[in-house]
Amino acid sequence: MSRAGTDPVSGPGPGPASGTSLQVLRGLDTGPRGLTDAEAAARLVGHGENAPPRPRTPSALRRGLRGLRDPFTTVLLTLGLVSAFVASWGTATVILALVAVSCALRAAGERRADRSLAALRELVVGTATVLRRTDDTAAPRAHEVPVADLVPGDVVRLGPGDLVPADVRLLRAHGLTVSEAALTGESAPVAKAAADLPEPHAESHLCFQGSAVVAGGATAVVVATGAHTRFAAAQRTPEPREPSAFDRSVHGIAWVLVRFMLLTPPLVLMAGAALRGRGLQTLPFAVSVAVGLTPEMLPVIVTTCLARSAALLARTRRVVVRRLPALHDLGAIDVLCVDKTGTLTQDRPVAARSLGPDGRDDPEVLRRAAACAWWTLQLAELPAPDALDEALLDVAGAAGEEYDGLAALPVAPGRRLATAVVAGRPGRHLLITKGAAEDVLERCDLPDDAERRRLLALAAREAEAGQRVLAVATADRPARARPHTPADERGLTFRGLVTFRDELAPGAAESLRTLAALGVDVHVLTGDHPATAVRVCRELGLEPGEVRTDGGGDPGGADTVSAGTEGASGRGDGAGPGRAEVREDENPVRTGQVTAGTTTVVARCTPEDKARVVAGLRAAGHTVGFLGDGVNDVPALLAADVGIAPRGAVAVARESADVVLAEKDLTAIGHAVTAGRSSSANIAAYLRVTLSSNLGNVLAMLAAGLLLPFLPMLPVQVLAQNLCFDAAQLAFAHDRPDPGELRRPTLLRPPAFLRFITGFGLLNAFADLATFGVLALALDGPDALDDEAVFHSAWFTENLLTQALVMLLLRHGRRLTRGGRPGPVGWAAAFLAAVGLAVPPSPLGAALGMTALPAPYHLLLAAVLGLYALALTVATIRHARRRPQPAGCTVAQNSNL
C-alpha cells in the first residue's frame, strides 16, 4: 500500500504534494477518476479516519476537581478546612461532605451532558463530494461521503461554502479563493490555482484542511488526512470564549454573596466575644452560618437544567445545542437577525416574467437566459447551479441542449455576469450573456444615452416592485480557435430582462407571530435589493420601518455570487432604485448603530455589515441571535450571543454556530427559545428561592446569637438543615415553569436580583424572629428559653417549614391558586416540611441534640406560618406587578428594529 499522506503537507520542499500533477497522482497510486470503493476501504483501514486527534476525555477525578473552580464551592472548601484546623471535626466533616457531593454531582452531570452532546453531534456529520468508482472499469460517480471516510488519493470537488476536508493538491480550479483564517489568522481570502509544475516554495496550488472556500470551484486530490494534515499539526488550544450573559450575571451575584459570606464569620466572632465572652467557641457556629448562605447546588442545577433541555430539544425538535451555556442565552434573546432567502422565503426563487426591450412579454429572452445557464454550468464545471440558474432551468427545461456549447465565462468575484459561447450559424459563434442590468448594458451597443436610461428605468421599475432582475444580451461573432475572454463581452445586442420573485416560506408568517408573542424582534439583514426585502416583509405582516442600506460594498461579496442577484441596481454607484442616499461616514450600518425600534430591514448587507449590525445591537444592551447558513454569515454568527445555523448550512457556518437546526425554520427557533427560557426560569427560581431563604435564616441566626445566652442552633444542626434544603432544591432541575414565565426573555440582572433576595430575605428573617415570641408563649415565659434542646428543635422545624413555604409560594403561587398540580417542586416542599416535623422526635433528632416539641408550640407555629404565607403571597403579587410585561403579540408591534 502506498505511504502517501503519512506526512503533513508542508508545501515547500519534497513531500506528497510536490512535483507535477501526474507525479503526485502516481505517488498516491490514484488517477483523475478517483479511487474504487475497495481501494478507499482498504486505505481507510491503513490510514485511519480523517479526523484530528480527539481530545482526551477528562477523568472522573479531574471533573470533580474542576468543580472547585466555582466560587461557592471554593468558599465551602475553605470553611471546611478552617473548621478542621480548629478541631471542629463534626462541622468539618459535614461541610467537606457537602463539597464532595456537590463536585460529584456536577461531574456526573457534565459527563451525562458530554455523552448527550456527543450523541447529538452525530446528527451533524460533515460530508465531502468525492469521485469514486465501483470497480476499475466503471465510470467515476460523484457522491457525498462523510469527511471522516476520506483517504489519500481520493479526488474531491470543492464549491463555495465548503470546508476543505483534508490537505489537497489542486488538479483544476476556476476563480478559487479560500479563507485560511483557521490556519494563519488572516481574514483576507487567498487566491488558489492549479499548477502542473508549481514554483518552488509556492502554496497557491495547495488547499489545507480547515480552510473555507469563499468563491469559485475546484477538483483536487487528497494528499494528507487526519493527524497528518497541516491543520492537525498546527492545532492549538482554542482561545476561551467570552463569558455569556448568563455567566456574567451569575458570577456578579456570586461574588457579592461570597464577600458577605467571608464577612460573616469575623462578625459573629467579634459579636460573640464582645457580648457573650465566647470568643473562638463560636467559630464552628460562625462557619455553619456562612455555609447556610451558600447555594452550593447551583453548579449541579445549572448543568442538569441545560443538559435536560438540550436533550429534549434534540429528541423532539432535532435541534442540536453544541455549547450548553448557549441554551440560556437563546432563552434570553430579544432580537433575532435573519437573512431573507431560505428563512422568510423559500431557497429557490421563481422566474416570474421575461420582457423584451419594449417591456412586453417575450419568451425568447427566457429561453436564451436558460441556455446561458445550462452551458455555464456544464462547461465551467461549477459544483451546482446557483438559485437563479435553477429557476431558469426549472421553467425552460433543457433549453441549452439545442445548442453546441463551446466555452463559458462564469461569475467571479468582482464580476456580476456570465457568458456562454455556443455554436451558431455555420462559421459563427453566439455569445449569450446574462447578469446585472447595469453591467450588461455597459457592454451593449445602444443608440444613445437616452435609450440606456430608458432600459435602466425599465429594470428599475421591476426592481421597485420587489423583483430580482436579470438582463440578457447576445452577440454573433465569427468562429475562432483561440479561447474567449471577458474582453469579448463588448458590442452586445440587448435582448431583454428576466424577473424573479421570492416565494414565501410555508409557515413563516405564523413563526413570526410566535416569536413576537415571545418578545423577540426579528430583523432582516440581506444582500438583496431593498424593495425585494420590503415586499417580502410586508407580505408576511412584518412592518419594515426605516430601511437601511450598507452605503456601498464589494460587488463580489457572497450575496452577489449569482449573476444578477443584486437586481437592477448595482452597488457601486449608490443611485439605484430604493437605495438610501447615505454617506459612508454617517451610515448607521457601517458604524454598527442600528438599534431596536427604528429599523427592521437592512439591505445590501456585506458580511462585515451583518457583523457590525449584530455587534451594535449587543452594545445597545440586547441579547442577539443570528440565523445564517452561508460563508458570508460566519462573521455575524461569531459576533452574536447565539449563532444559529441549519443542518444544511455550509460546513464553515455550521461549525461556527452554537445551535444547529434540522431545517432552516423559524418555528424550530421558537421552540428552542422556549426551551432556553424554561431552563433559565428554573435556574433563576432556584437562585431566588434559595438565596432569599438562606439570607433570611442567616440574618435571624445572627440576631439570635446576639440575644440568646446560648447558640441558637448547634453547628451540626445548621448543616443538617442545610443539607435537607439542598436535597429538596434538586427538584428545580425537573420542574416545569408557569407559561407566563416563558413569554419574556429571562435575564438575571444583579442589582434587581439582589434587591429581590434582600426584600424577601428580610421577610423571612421576621418570620424566624417571630419564633422567639412563639417559644416564649408556648414554654411559659422567657425563662423557658434556657431550654436549649427545645429551642434548637423548634427553630429547626420552623426553618424547614418556612423554606418549604418559600419554595411553594415563590415558585408556584399562581399555579396553586388556579388549582394546578404542584409539580416536582411542590412535592419536594412537602418532603421538606415532613422532614422538619419528623426529625426532632426521632432517634436521628436525638443524635443531633434535638427533642420532641410541646403540642402548644405547633398550634402557635401554624399561626405564625399562616401570617408569613399571607405576607409572602402579598409581596409576591406586588413584585409581579412591578415586573416589565412581555412585548405585544402582533408582528408589527414587535418587529420594528
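Cut-offs used in this document
Each residue is numbered by its place in its chain's sequence as written, counting from 1. Local features are withheld for residues below a pLDDT of 70 in this predicted model, meaning they are given only at 70 or higher, and side-chain atom pairs are given and counted only at 80 or more; totals for whole chains, interfaces and linings count all residues. Note: side-chain values were computed over all heavy atoms of the structure, leaving out hydrogens and water. Orientation is described by axes fitted as lines to C-alpha atoms, over the contacting stretch for helices, and by angles from 0 to 180 degrees between their N-to-C directions. Working definition: helices are DSSP H or I runs of at least four residues, strands are E runs of at least two. Numbering for both runs from the N terminus. If an angle is under 35 degrees, it is roughly parallel; if it is over 145, roughly antiparallel; if it lies from 65 to 115, roughly perpendicular; otherwise it is oblique. Handedness of a crossing follows from how the near helix is turned relative to the far one, being left-handed for an anticlockwise turn of less than a right angle and right-handed for a clockwise one. By definition in these notes, contact holds between two residues if any of their heavy atoms fall within 4.5 Å. Note on residue categories: nonpolar means Ala, Val, Leu, Ile, Met, Phe, Trp, Tyr, Cys or Pro, charged means Asp, Glu, Lys or Arg, and polar means any other residue, Gly included. Patches in this entry comprise residues that are over 30% relatively accessible and not in a salt bridge; like charges within 9 Å are linked, as are nonpolar side chains (Val, Leu, Ile, Met, Phe, Trp, Tyr) within 5 Å. All accessibility values rest on the Shrake-Rupley procedure with a 1.4 Å probe; residue burial counts only the protein chains present in the view. A pairing counts as a salt bridge when a side-chain nitrogen of Lys or Arg comes within 4 Å of a carboxyl oxygen of Asp or Glu. A residue counts as positive if it is Lys or Arg and as negative if it is Asp or Glu; His and the chain ends are not included. Lysine's charge is taken at NZ, arginine's at CZ, aspartate's at CG and glutamate's at CD. Burial classes follow relative accessibility: with a 1.4 Å probe on protein chains only, a residue under 20% of its type's maximum area counts as buried, one over 50% as exposed, and anything between as partly exposed. When DSSP finds two or more bridges between a pair of strands, those strands are recorded as paired.

> Help me get a handle on the packing of helix 22 (residues 715-729) against helix 25 (residues 823-838), residues and values and all.
The N-to-C vectors of helix 22 and helix 25 enclose an angle of 160°; their axes lie 9 Å apart at closest approach. The pairing of helix 22 with helix 25 is recorded here as roughly antiparallel in orientation. Seen from above, helix 22 lies across helix 25 with right-handed handedness. Seen from helix 22, the contacting residues are C724, F725 and A728; seen from helix 25, they are A828, L832 and V835. Classifying every residue of the contact of helix 22 with helix 25 by side-chain character gives six nonpolar, no polar and no charged.

> Tell me about a negative patch on the surface, residues and numbers included.
A surface patch of negative charge is lined by D37, E39, D135 and D136. Checked against the element boundaries, D135 lands in the loop between strand 2 (127-133) and strand 3 (141-146). Its relative accessible area of 35% is what places D135 among the partly exposed residues.

> Can you explain unusual backbone geometry? Please cite residues and give values.
Residue D29 is not a glycine yet carries a positive backbone phi of 55°. As for its placement among the helices and strands, D29 is situated in the loop between helix 1 (21-27) and strand 1 (35-36). Here R318, not a glycine, exhibits a phi torsion of approximately 55°, which is positive. Its location among the elements puts R318 in the loop between helix 10 (298-317) and strand 9 (319-321).

> I'd love a proper account of the sheet that holds strand 13 (residues 417-423), names of residues and values included.
Strand order in the open sheet formed by six strands is 11-16-15-14-13-12, with antiparallel pairing between adjacent strands. Bordering the open sheet on either side are strand 11 (350-355) and strand 12 (405-409), each of which pairs with just one other strand. Along the sheet, successive strands turn relative to each other by an average axial angle of 20°, direction set aside. The sheet contact formed by strand 15 (residues 468-478) and strand 16 (residues 493-501) spans seven bridges and is antiparallel. For V472, the partnering residue across the bridge sits in strand 16 and is G496. Along the sheet face, helix 13 (residues 387-396) touches strand 11, strand 14 (428-435), strand 15 and strand 16 and points at about 95° away from the line of strand 16.

> Please provide a residue-by-residue account of the pattern of salt bridges, values included.
Side chains carrying opposite charge are able to pair once their charged atoms draw close together. Applying the stated rule across the entire model yields 21 salt bridges. Note that D361 is salt-bridged to R353, the shortest N-O span being 3.0 Å. Accessibility expressed as a relative area gives 57% for D361, which makes it exposed. Under the relative-accessibility criterion, R353 is labelled partly exposed at 36%. Between R454 and E451 there is a salt bridge, with the nearest N and O atoms lying 2.8 Å from each other. Within this pair, R454 and its partner E451 are both found in helix 15 (residues 449-464), separated by three residues, close to a single helical turn. Of the residues examined, R454 reaches a relative accessible area of 37% and is grouped as partly exposed. Salt bridges linked by common partners bring E364, R367 and R368 together as one network.

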